[in-house]
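Inside the fold
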Amino acid sequence: TGPESSTRIPSTTMMLTVASATTPTVMKTATRASSRTASAPPRSRAPGGSSGRVGRSRPLTVLSLSRHRARVTRVAAAATEVSDGGSNDGGPSSPEGGDDGNDNDGRDDEYVVDIDYPEFVPEFLRFNKEDAATVLITFAVSLGFRHFIAEPRYIPSLSMYPVFDVGDRLIAEKLTYRFEREPLAGDVVIFNPPKTPKTRNVSNEVFIKRVVASAGDTVQVKNGELYVNGTSRGKELKLEPMQYSYGPFTVPEGNIFVMGDNRNNSFDSHVWGPLPINRVIGRATVKYWPPSKIGGLPSYAAASIGAPPLK
């Protein structure tokens with residue numbers, strides 16, 4: 001079309017070669033654009049004309065690539081600032097604010113396990129030294145309290161009905177018999193049965209019964225009544241006349257005689273004999289379940305020799 005356009009085409013083609021690897025379609029478009037620029041004077045773009053198409057197919061030059069990379073870099077930097085926690089006004093975060101944010105979001109909240117655990121230990125059981133010490137101390141205190149002071153128990157049968165029903169829960173304290181006195185008639189005790197032919201399968205179980213006689217007392221069941229030293233005992237606990245006979249039997253030293261309040265449905269001393277005191281674990285004192293029965297146990301006077309009768 002003329003000398004001017006023929007001298008401008010190679011220049012445009014050279015820039016295309018560097019930026020977009022000489023794409024044929026782009027080169028033809030750039031050549032036609034260069035020819036029209038050389039032969040016609042500039043004119044304003046009509047609305048809705050070809051300006052959109054030129055924008056989409058405009059070749060990338062080295063300069064435009066540099067500008068594009070600069071924009072990408074600025075956007076990435078802004079995104080990094082936002083994710084790291086910028087200042088409240090939206091500007092770049094200050095050194096103090098950025099450091100505080102990083103510390104709060106990362107290192108301060110991180111749980112550090114400073115113990116080497118075997119691989120078979122699950123993650124939720126891997127404590128650090130401080131937490132492991134807390135768990136061990138808590139466990140030791142709990143065991144010590146249960147062994148030396150008191151422990152909770154539940155009632156699995158009707159042998160102590162009506163004072164205790166199935167499912168009732170109580171606290172048995174262990175200090176009275178350890179430091180103050182031995183079991184007395186009227187006490188409700190928890191214990192391990194003695195090892196006899198009739199209890200060999202349950203000697204490690206924990207029973208709950210009421211003490212009805214102490215060492216030296218004579219126990220007898222006749223005419224549906226319990227007699228201790230010739231005196232009727234425990235009528236206030238009796239649901240019905242006792243349907244068996246027993247004794248007379250004198251409780252040996254170091255032993256007590258225990259029976260369930262539900263006398264006809266209790267596996268107790270009238271079946272397997274007296275209970276050695278060293279088999280007693282503790283004394284039932286408080287009922288804590290169900291909520292309607294929370295409170296202390298009914299009080300019965302001691303019924304051993306020389307003590308007033310039960311009332």
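Residues numbered from 1 in each chain as written. Predicted model: local features only at pLDDT ≥ 70, side-chain atom pairs only at ≥ 80, totals over all residues. Heavy atoms only, no water.

With that settled, consider the pattern of salt bridges. Pairing is possible between side chains of opposite charge, provided their charged atoms come close. Within this structure, the stated rule accounts for eight salt bridges. Of the charged contacts, one joins Glu151 and Arg153 as a salt bridge, the two residues approaching to 2.6 Å between their closest N and O atoms. Glu151 sits in the buried class, given a relative accessible area of 5%. For Arg153, a relative accessible area of 25% gives the class partly exposed. (Salt bridge = Lys/Arg side-chain N within 4 Å of Asp/Glu carboxyl O. Buried < 20%, exposed > 50% of the residue type's maximum accessible area, 1.4 Å probe, protein only.)

Here the amide bond leading from Tyr161 into Pro162 is cis, since omega sits at 15°, within 30 degrees of zero. Tracing the backbone shows Pro162 in the loop between strand E1 (150-154) and strand E2 (169-173). The linkage connecting Gly247 with the following residue, Pro248, adopts the cis geometry, with an omega of 5°. Here Pro248 shows up in strand E8 (residues 246-250). Although it is not a glycine, Asn223 adopts a positive phi angle of roughly 55°. Summarising the element assignment, Asn223 is placed in the loop between strand E5 (218-222) and strand E6 (225-228). You will see that Asn229, though not glycine, has its phi angle at about 55°, which is positive. Asn229 sits in the partly exposed class, given a relative accessible area of 34%. (Helix = DSSP H or I, 4+ residues; strand = E, 2+ residues; numbered from the N terminus.)

According to the stated counting rule, one finds six aromatic pairs in the structure shown. Relative to Phe257, the ring of Tyr246 has its centre 5.5 Å away and its plane inclined at 50°; by these criteria the two rings are tilted. Taken together, the residues span a long stretch of sequence, with Tyr246 in strand E8 and Phe257 in strand E9 (residues 255-259) at a distance of 11 residues. Taken as a pair, Tyr246 and Phe257 share a single burial class, namely buried. Three or more aromatic residues joined by ring pairs form one cluster here, namely Phe191, Phe207, Phe267 and Trp272. (Phe/Tyr/Trp six-rings, centres within 6.5 Å; stacked < 30°, edge-to-face > 60°.)

So, on to the sheet that holds strand E7 (residues 231-232). Across the sheet, which stays open at both edges, the four strands sit in the order E7-E6-E5-E8 with antiparallel pairing between neighbours. With partners counted over all chains shown, the strands left at the sheet margins are E7 and E8, one partner each. Sheet topology note: the E6/E7 ladder contains two bridges and is antiparallel. Directly across from Tyr227, in E7, lies its bridge partner Ser232. (Pairing = 2+ DSSP bridges.)

It is worth spelling out the nonpolar core at this point. One finds Val212, Ala213, Val219, Val221, Leu226, Val228, Met242, Tyr244, Tyr246, Val251, Phe257 and Met259 forming the largest nonpolar core, which totals 12 residues. Mapped onto this core, the elements with two or more residues apiece are strand E4 (207-213), E5, E6 and E9. Formed by 11 residues, the second largest nonpolar core is a distinct cluster that contains Ile155, Ala172, Ile208 and Ala284. (Core = buried A, V, L, I, M, F, W, Y, C linked by side-chain atoms within 4.5 Å.)

Glancing now at the pairing of strand E3 (residues 188-191). Covered by surrounding structure in E3 are Val188 and Ile190 together with Val189 and Phe191, the residues of both alternating faces. Pairing of E3 with E4, which is carried by four bridges, proceeds in the antiparallel orientation. Residue pairing across strands places Val188 opposite Arg210, the latter belonging to E4. Inspection of the sheet shows E3 paired to strand E11 (residues 280-289) by three bridges, in the antiparallel sense. Across the sheet, the residue bridging to Ile190 is Gly282, located in E11.

Another point: the side chain of Glu173. If you trace the backbone, Glu173 turns up in strand E2. What makes Glu173 buried here is its relative accessible area of 14%. Sequence-distant contacts of Glu173, that is, excluding residues within four places in its chain, are made with Ile149, Ala150, Gly282, Arg283 and Thr285. (Contact = heavy atoms within 4.5 Å.)

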